[in-house]
Amino acid sequence: MIIDIGTGDGRFVYQSARRNPKKFYIGIDPNVRQLEKISEKIHRKPAKGGAPNVLFIQAAVEDLQPELNGVADELHVHFPWGSLLRTVATADVSALRHLRKICSLGALLEVVIGIDPVRDRSELDRLGITELTLQYIDEVLTPKYAEARFELTERGIVPASEWPEFNTSWAKRLQQSEQRPITYLIGRAV
Ligand SMILES: C[S@@+](CC[C@H](N)C(=O)[O-])C[C@H]1O[C@@H](n2cnc3c(N)ncnc32)[C@H](O)[C@@H]1O
């Protein structure tokens, strides 16, 4: 089972599910208005763009349904904002534990963050997020992720223009302003 938290308009989930019909995808977001188009599409016949292997759930990371406990073999967080961004970019241990709870042992974690330290400064200040550097990731985030039982195995910062083709609406938007660095964290649930 693959879970995408902060799924936005559901594009990543939908396109991945169409490509991998044998895998099951869940997209989660508290704001479901953006999901209207794709959640209508998934109910069509597969030949007409349907995706029976997709489920969308309205929820925030802070209130994930207990039915989701242990179900994710892959957990994705792509271009989060608001409290979801705060959770992954400050490694808020109690909120990360909510994410860990829905993972199976060994589940893959992929976090992709696209914040611009200059343009997004006021929002970053509001959320209490300092600049994301490799040193900060290694010295501050990695131990806190470990406390929440996620072992970070890979991390990096690349210019948006060098980020490979990526199927989310925000990735496409950000790639047009290539100044914005993309920070990624890869890990697994331990
Ligand atoms: C910039 S959009 C990215 C959407 C999508 N992942 C993409 O890449 O196109 C950020 C998403 O995070 C969601 N979000 C914000 N706070 C959240 C929270 N506490 N729990 C879950 N999702 C949240 C928002 O509703 C929004 O859809």
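Quick summary incoming for the structure in this document.

Conventions used here
Residues numbered from 1 in each chain as written. Predicted model: local features only at pLDDT ≥ 70, side-chain atom pairs only at ≥ 80, totals over all residues. Heavy atoms only, no water. Near = heavy atom within 4 Å. Polar contact = N/O pair within 3.5 Å; in protein donor to acceptor, adjacent residues only side chain to side chain. Areas by Shrake-Rupley, 256 points an atom, 1.4 Å probe, with all protein chains shown as cover. 1 Å grid on protein atoms, 1.4 Å probe; cavity = no way out; pocket = protein on both sides within 12 Å on 5 of 7 lines; lining within 4 Å. Sits in = over half its atoms within 2 Å of the grid points. Helix = DSSP H or I, 4+ residues; strand = E, 2+ residues; numbered from the N terminus. Salt bridge = Lys/Arg side-chain N within 4 Å of Asp/Glu carboxyl O. Buried < 20%, exposed > 50% of the residue type's maximum accessible area, 1.4 Å probe, protein only. Pairing = 2+ DSSP bridges. Axes fitted to C-alpha atoms, helices over the stretch in contact; angles between N-to-C directions.

### Quick word on the site of the ligand
Taken together, 19 residues lie near the ligand, and G6, D29, V61, S83 and T168 sit nearest. Contact distances for the ligand include 2.8 Å between a nitrogen atom and a backbone N or O atom of G6. Note that a nitrogen atom of the ligand is positioned 2.8 Å from one of the side-chain N or O atoms of S83. Computed on the free molecule, the ligand has an accessible area of 600 Å², of which 95% lies beneath the protein chains in the complex. Of the pockets mapped on this structure, the ligand occupies the largest pocket. Among the elements of the structure, α3 (82-90) and α7 (169-175) are those that each provide at least two residues to the shell around the ligand.

### Digging into the pattern of salt bridges
One pass over the full model with this rule turns up six salt bridges. Residues R155 and D138 are paired through a salt bridge, measuring 2.8 Å at the closest nitrogen-oxygen approach. A residue pair is termed long-range when its members are at least 10 positions apart, and R155 in strand β6 (residues 150-159) and D138 in helix α6 (residues 134-147) qualify at 17 residues. Using a relative accessible area of 35% as the deciding quantity, one classes D138 as partly exposed. In this structure, R188 and E151 form a salt bridge, with 3.2 Å as the shortest nitrogen-oxygen distance. Highlighted residues: R188 in strand β7 (residues 181-189) and E151 in strand β6, separated in sequence by 37 residues. The partly exposed category is assigned to R188, whose relative accessible area is 38%. Overall, the relative accessible area of 34% leaves E151 in the partly exposed class.

### Section: the sheet that holds strand β3 (residues 54-57)
Backbone hydrogen bonds are what pair the strands of a sheet, in a parallel or an antiparallel way. One open sheet holds the seven strands; their spatial order is β3-β2-β1-β4-β5-β7-β6, and the pairing between them is mixed. If you trace the sheet from one side to the other, it starts and ends with β3 and β6, each paired once. Averaged over all pairs of adjacent strands, the angle between their axes in this sheet comes to 15°, without regard to strand direction. The pairing of strand β1 (residues 2-5) with strand β4 (residues 72-78) spans four bridges and is parallel. When the bridges of β4 are listed, D4 appears paired with H76.

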